[in-house]
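This is what each chain is made of:
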Amino acid sequence: MPGLLRGVARTAVVAGTATAVSNRVSRRQGERWASQGQAVYGRPAQYAPEPEPVPTPPPAAPPPGGTDRITALKDLAELKAQGVLTEAEFEREKARILGS
């Protein structure tokens, strides 16, 4: 019985490996055809899968020196002095800037 199990296990491993290799070859070939604008799997190129978008990096954090906060507070004070911002808006924005 151990010989039979060993043979079945070996067959399963070979079949699984062959399937994985075949799938990878098909996927790479499809990607190559799509990049060349050719038909993929018998479909016109317009139906070829689009590549995944590249994620954009997050915006850079302000320097820890606090110069950006000071500049923002000065700009905020100027807007308040010009009458663009009300006292409540000024306080809310000031708290947001100082809180970040």
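Structure's up top.
Draft legend 1. Quick peek at the overall build of the protein chain. Summing up its helical and strand segments, the protein chain has three helices and zero strands in all. Starting at the N terminus and walking to the C terminus, you meet the elements of the protein chain as α-α-α. Looking at the protein chain residue by residue over its 100 residues, the buried ones come to 8%. Summing over all exposed atoms, the protein chain offers an accessible surface of approximately 8,600 Å²; the carbon and sulfur share of this is 60%.

Draft legend 2. Fine view of the pattern of salt bridges. In total, this model carries three salt bridges according to the counting rule given. Across the pair Glu91 and Lys94 runs a salt bridge, and its minimum N-O distance is 3.5 Å. Taken together, the residues span about one helical turn, with Glu91 and Lys94 both in helix α3 (residues 87–99) at a distance of three residues. Accessibility expressed as a relative area gives 28% for Lys94, which makes it partly exposed. In this structure, Arg96 and Glu93 form a salt bridge, with 2.9 Å as the shortest nitrogen-oxygen distance. One end of the pair is Arg96 and the other is Glu93, both in helix α3 and three residues apart, which spans about a single turn. Assessed through its relative accessible area of 53%, Arg96 is described here as exposed. Here Glu93 falls in the partly exposed class, since its relative accessible area comes to 26%.

Draft legend 3. View of a positive patch on the surface. A cluster of like positive charges, contributed by Arg24, Arg27, Arg28 and Arg32, occupies part of the molecular surface. Tracing the backbone through its elements, the reader meets Arg27 in helix α1 (residues 2–36). Since its relative accessible area comes to 48%, Arg27 is described here as partly exposed.

Conventions and cut-offs
- Residues numbered from 1 in each chain as written.
- Predicted model: local features only at pLDDT ≥ 70, side-chain atom pairs only at ≥ 80, totals over all residues.
- Heavy atoms only, no water.
- Helix = DSSP H or I, 4+ residues; strand = E, 2+ residues; numbered from the N terminus.
- Buried < 20%, exposed > 50% of the residue type's maximum accessible area, 1.4 Å probe, protein only.
- Areas by Shrake-Rupley, 256 points an atom, 1.4 Å probe, with all protein chains shown as cover.
- Salt bridge = Lys/Arg side-chain N within 4 Å of Asp/Glu carboxyl O.
- Patch = residues over 30% accessible without salt bridge, like charges linked within 9 Å, V, L, I, M, F, W, Y side chains within 5 Å.
- Lys, Arg positive; Asp, Glu negative; His and termini not counted.
- Charge placed at Lys NZ, Arg CZ, Asp CG, Glu CD.

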